[in-house]
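# Architecture and fold: a report
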Amino acid sequence: MAQRRGPGPRGLSRETRGAAALMLLLPATMVHLLLVARSGPARLLGPPPYLPGLEALWSPRALLLWLTWLGLQAALYLLPARKVAEGQELKDKSTLRYPINGFQALVLTALLVTLGVLAGLPLEELAEMLLPLAFVATLTAFIFSLLLYLKALLAPTSALAPGGNSGNPIYDFILGRELNPRIGSFDFKYFCELRPGLIGWVLINLALLMKEAELRGSPSLAMWLVNGFQLLYVGDALWQEEAILTTMDITHDGFGFMLAFGDLAWVPFTYSLQAQFLLYHPQPLGWPMASVICLINAVGFYIFRGANTQKNTFRKNPSDPRVADLETIPTATGRQLLVSGWWGMVRHPNYLGDLIMALAWSLPCGTSHLLPYFYLLYFTALLVHREDRDERQCLQKYGLAWRDYCRRVPYRIVPYIY
Ligand SMILES: NC(=O)C1=CN([C@@H]2O[C@H](COP(=O)(O)OP(=O)(O)OC[C@H]3O[C@@H](n4cnc5c(N)ncnc54)[C@H](OP(=O)(O)O)[C@@H]3O)[C@@H](O)[C@H]2O)C=CC1
Ligand SMILES: CC(C)=CCC[C@@H](C)[C@H]1CC=C2C3=C(CC[C@@]21C)[C@@]1(C)CC[C@H](O)C(C)(C)[C@@H]1CC3
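Please read these numbers as outputs of a predicted model, since none were measured by experiment. (Residues numbered from 1 in each chain as written. Chains lettered and ligands numbered in written order. Predicted model: local features only at pLDDT ≥ 70, side-chain atom pairs only at ≥ 80, totals over all residues. Heavy atoms only, no water.)

### Some remarks on the overall build of the chain
A count of helical and extended segments in the chain gives 16 helices and six strands. Taken over the C-alpha trace, the chain has a radius of gyration of 22 Å; the compact-globule value for 418 residues is 22 Å, and the two agree within 12%. When its C-alpha atoms are laid out on the principal axes, the chain stretches across 60 × 50 × 50 Å. Expressed as a percentage of the 418 residues in the chain, the buried residues total 54%. (Helix = DSSP H or I, 4+ residues; strand = E, 2+ residues; numbered from the N terminus. Rg over C-alpha atoms; globule rule 2.2 N^0.38 Å. Buried < 20%, exposed > 50% of the residue type's maximum accessible area, 1.4 Å probe, protein only.)

In structure tokens, the structure reads:
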């Protein structure tokens, strides 16, 4: 997502036009991927097999299913939580409170789905409904962000995201005006970031696995690996839910169309692309190769989790014995920067681990098609852009100390390469 800027002297700025183009391009890309994944040639860069008419996109049954899903996840969010965490300090010096019950929501959803399947719920039918479901999710994201934009017009300036008041309605609609839109204690951004989309993603994967079992007698090893790896990723995100309170999305970004669409539609319907591809293009995979892929995923997860935990532990309590011995750089703000451990290896070790896992998720799909590698390509672009945005913010925040950190840790994501 681009830096927020106001309109230029001659109407829409370049950034606004770029953001508006993305608003059309991203849903179109999602539909393209959904169509191509089930087509014979599965060519990422070729034309879609056909252009879907409204009858292929619109289904009242999909709408009902989607609204039921949102309602269920909202109800699980409102259940009593094992812990209530405090977010980062806001502009007006207040802090917000967040329920930590995401993992509980995942377990309860799994229980309900298991009971449903045992009672005859045809979960595998989801595999045939992805297109209309993605369409209603996009529609909901659009209507929802419109309502959020209107709500933000009444919000005090202190509640707006940094730059959320660019004065350009298109830009503000897309990137979001309000930082933490809430009704009562229900926090929309926090809810959307971790619940309906992420849990929806593993549910879609499971439906694709069941559909494969129906078609071929049993799920393939490749399908098991993709399901297992991505379940681990989502389970970990929900287990470590509190850690999301220090990510850029929560502390800095407004909640507009980009994030609402990303959370509700893009994540479940494009992050499940490998499982979609495998359903229609079964791939042979032997145990030796599967073991190597598991090892790659384990290495990625180890780096991702190690780096994120080290930073979160340090930010919560720098004298925690697990991080107290690490070398640091003091900054004028009173906060310190880690310069040894994971954060002394590269400046974004968590991105490195995430990218290694992305590779492991694509490898079970073989190397005959580029399509299953879409996630790796998109994710590399997203993280390079994100890292650039984060570094500009850190330079502004920490000034000379950040320059010193960059000098001592010269590589951004991949040691000796980038
Ligand atoms: N699967 C997906 O689609 C996506 C996954 N992700 C993942 O989400 C996670 C969070 O990413 P993101 O929010 O972008 O960024 P980070 O969690 O990396 O947070 C960046 C912040 O960390 C702090 N920081 C940076 N360097 C240091 C240091 N040396 N010592 C101490 N603190 C430091 C700074 O904030 P401060 O100093 O203020 O604490 C900086 O702004 C990552 O693991 C990423 O891979 C992200 C995007 C998409
Ligand atoms: C192309 C497009 C629509 C971009 C929007 C970006 C969003 C899809 C991502 C922005 C940051 C994200 C994070 C996760 C999912 C993707 C989005 C929403 C995340 C919840 C995935 C699980 C991780 O463990 C995480 C909790 C660290 C992560 C946080 C950031």
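### Brief notes about the confidence of the model for the chain
Put simply, the chain has an average pLDDT of 92, and 97% of its residues get 70 or more. Interface predicted TM-score (ipTM) for the complex: 0.97; the corresponding pTM is 0.93. (pLDDT = per-residue confidence, 0-100.)

### Brief notes about unusual backbone geometry
Even without being glycine, A42 reaches a positive phi, approximately 45°. The topology assignment puts A42 in the loop between helix 1 (14-37) and helix 2 (54-57). Residue A42 is classed as buried on the basis of its relative accessible area of 2%. In this structure, K93 is a non-glycine residue whose phi angle is positive, near 75°. Mapped onto the elements, K93 comes out in the loop between strand 1 (84-86) and strand 2 (97-99).

### Considerations on the domain arrangement of the chain
Considered domain by domain, the chain is made up of domain 1 (26-42 + 55-282) and domain 2 (285-418). A straight line from the C-alpha centre of domain 1 to that of domain 2 covers 23 Å. The interface of domain 1 with domain 2 comprises 31 residues on the first partner and 32 residues on the second. Surface buried jointly by domain 1 and domain 2 totals about 2900 Å² across both partners, of which 67% is contributed by carbon and sulfur atoms. Interface area lost by domain 1 to domain 2 is led by F229, Y233 and M248, which between them contribute 23%. For the pair domain 1 and domain 2, the interface holds three salt bridges. Residue D249 pairs with R386 through a salt bridge whose shortest N-O separation is 2.4 Å. For the side of domain 1 that touches domain 2, the elements supplying multiple residues, two or more each, are helix 1, helix 9 (221-239), helix 10 (248-251) and helix 12 (273-280). Looking at which element gives the most residues to the side of domain 1 that touches domain 2, the answer is helix 9, with nine residues. (Domains from an automatic or database assignment. Contact = heavy atoms within 4.5 Å. Buried area = accessible area lost by both parts, 1.4 Å probe. Salt bridge = Lys/Arg side-chain N within 4 Å of Asp/Glu carboxyl O.)

### Some words on the packing of helix 8 (residues 196-216) against helix 9
Their axes nearest at 10 Å, the elements helix 8 and helix 9 cross at an angle of 160°. Comparing their axes, helix 9 and helix 8 come out roughly antiparallel. The handedness of the crossing between helix 8 and helix 9 comes out as left-handed. Between helix 8 and helix 9, the residues in contact are L198, I199, W201, V202, N205, L206, L208, L209 and E212 and M223, W224, N227, Q230, L231, Y233, V234, A237 and L238, respectively. (Axes fitted to C-alpha atoms, helices over the stretch in contact; angles between N-to-C directions. Parallel < 35°, antiparallel > 145°, perpendicular 65-115°, else oblique. Left-handed = near helix turned anticlockwise from the far one by under 90°.)

### Some remarks on the site of ligand 1
Residues in contact with ligand 1 amount to 25 residues; listed here are only the nearest, Y271, Y351, D354, R386 and Y398. Here an oxygen atom of ligand 1 sits 3.2 Å away from a polar atom, N or O, in the main chain of M248. With respect to ligand 1, the side chain of D390 contributes an N or O atom lying 2.6 Å from an oxygen atom. In the complex, the protein chains occlude 89% of the 930 Å² of accessible area that ligand 1 would expose alone. If you list the elements that add at least two residues to the shell around ligand 1, you get helix 13 (287-316), strand 6 (336-338), helix 14 (349-362), helix 15 (374-398) and helix 16 (400-408). (Near = heavy atom within 4 Å. Polar contact = N/O pair within 3.5 Å; in protein donor to acceptor, adjacent residues only side chain to side chain. Areas by Shrake-Rupley, 256 points an atom, 1.4 Å probe, with all protein chains shown as cover.)

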